[in-house]
Amino acid sequence: MSSFDGLFSLVESALGQPAAHWLREHVEVPRGLLAFSWHEQAVHRAWLAEALNLCLLHKLVDAVPDGRRYVEEQALQGRKVVFDHGAIRTVDWPANGELPRGRQAFSRLLEPLGFTDVRTYPLTRLNMTGWGYRQMDLPEDIAQFFVSELHPGRFSQTFQQAVTRVVGSSLDPLQAEHTRILKRLSLTRHCRLDEAQALLPALYRAFGRQHGTVLEADYHCLLSESAEMAWIATEGNSFNHLTDRVQDLEACVAQQRDLQRPMKDSIEVSASGRVMQTAYRACTVTRGLIDADGHYREHQVPGSFVEFIERKVDPENGRIDLNFDSSNAQGIFKMTDSKA
């Protein structure tokens, strides 16, 4: 079995054969992975990082029909998408159930896979902070994570009480076995293949909603002060968006508008001028909330979306600019604001 066969076999163990086959046909996989070990006794962390990213990309396109259509249309044009980064939202709050506070719930699993938070991004308008986590073995090729924290302490006391009721029931998807494997990865950068197969589904589950059904009153309380926290209430730590790295963003946007896709009105340009981003508007999903009488009622709320990014070369080092931009991020985050 080749290393790439092994990668997709690992993905198949978590998602099943149809999903693994779809990913192989539609998503670019870095050739640089071949520089790292893959055998039953030593699977390098870079392979596990790529397997997780592939699984999470598939989870998002399952949740965002426009995203799946976009990826499949790219394949019809002879192009596989280049997964640039995914984004998740966390809550910087002590009453977080079984989960560690804020981004710590994800740094504990991303860092053993070789990701390092390389820069902090103040998201002041949103009362949030973001961090860019970059995979240090193949930084240009393995998708980054943009991990943000919402700071409830900057909101009203009523808002904070609602946050506690929402996230206080969170369960931890990682068990002692998974923590042990992560520790081994941290120490040696490798784990056995059977350990990778045991760990990957737990990592995949971590990117979801870990708390219970939300009260309708709490949802509207959160929405009145923070569309981002209201989104977390229904979607949890799911991928807020995934991003395709394209060569010519303006051409991509023109094509998507010709196809009458639900595009953002403008392109966000970083302060450096080297990073340009835009996105589809968030899809609409059905989520249940509990009303004042204790009845479960379904509501239409914003879900996730697909983003598009063009990264130009930084002339100082001759490599593509892998950074994010606080202003860009806050503009992109508006895609999940139901009031926008």
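Described in the following lines is the structure provided in the data block.

Here is what the cut-offs are and how they apply
Residues numbered from 1 in each chain as written. Predicted model: local features only at pLDDT ≥ 70, side-chain atom pairs only at ≥ 80, totals over all residues. Heavy atoms only, no water. 1 Å grid on protein atoms, 1.4 Å probe; cavity = no way out; pocket = protein on both sides within 12 Å on 5 of 7 lines; lining within 4 Å. Points joined across faces, edges and corners; volume = space filled by probe spheres on them. Helix = DSSP H or I, 4+ residues; strand = E, 2+ residues; numbered from the N terminus. Nonpolar A, V, L, I, M, F, W, Y, C, P; charged D, E, K, R; others polar. Buried < 20%, exposed > 50% of the residue type's maximum accessible area, 1.4 Å probe, protein only. Polar contact = N/O pair within 3.5 Å; in protein donor to acceptor, adjacent residues only side chain to side chain. Contact = heavy atoms within 4.5 Å. Pairing = 2+ DSSP bridges. Core = buried A, V, L, I, M, F, W, Y, C linked by side-chain atoms within 4.5 Å.

### Considerations on the layout of surface pockets
1) Next: Roughly 190 Å³ of internal volume is contained in the largest pocket.
2) Next: Forming the walls of the largest pocket are 15 residues, and the residues nearest its centre are Lys 59, Ala 63, Glu 235, Ser 238 and Ser 304.
3) Next: For the lining of the largest pocket, the leading source of residues is helix 3 (residues 45-63), giving four residues.
4) Next: Here the residues of the lining of the largest pocket sort into seven nonpolar, four polar and four charged.
5) Next: Forming the walls of the second largest pocket are 14 residues, and the residues nearest its centre are Arg 125, Leu 126, Glu 225, Glu 228 and Lys 334.
6) Next: Elements supplying a minimum of two residues to the lining of the second largest pocket: helix 9 (216-225) and helix 10 (227-235).

### Describing the side chain of Ser 226
1) Next: On the secondary structure map, Ser 226 appears in the loop between helix 9 and helix 10.
2) Next: You can call Ser 226 buried: its relative accessible area is 2%.
3) Next: Here Met 229 takes part through its backbone nitrogen, which lies 3.0 Å from a polar atom of the side chain of Ser 226.
4) Next: Ignoring any residue separated from it by four or fewer positions in sequence, one finds Ser 226 in contact with Leu 150, Phe 155 and Phe 159.

### Looking at the sheet that holds strand 5 (residues 128-135)
Each strand in a sheet pairs with its neighbour through backbone hydrogen bonds, running either in the same direction (parallel) or in the opposite one (antiparallel).
1) Next: If you trace the eight strands from one edge of the open sheet to the other, you get 4-5-6-3-9-14-11-10, paired in mixed fashion. Because the sheet does not close on itself, it has two edges, and the strands there are strand 4 (115-123) and strand 10 (268-269).

### Regarding the nonpolar core
1) Next: Judged by nonpolar contacts, the single largest core of 103 residues is most densely connected at Leu 48, Leu 109, Phe 145, Phe 207, Leu 222, Met 229 and Phe 239.
2) Next: Take this core: its biggest share by element is twelve residues, from helix 3.
3) Next: Ignoring sequence-local partners within four residues, the contact set of Leu 222 consists of Phe 159, Ala 162, Val 163, Val 166, Met 229, Ala 230 and Ala 233.
4) Next: Counting residues in each nonpolar core, the second largest holds five residues, with Ala 279, Phe 305, Ile 332 and Met 335 among its members.

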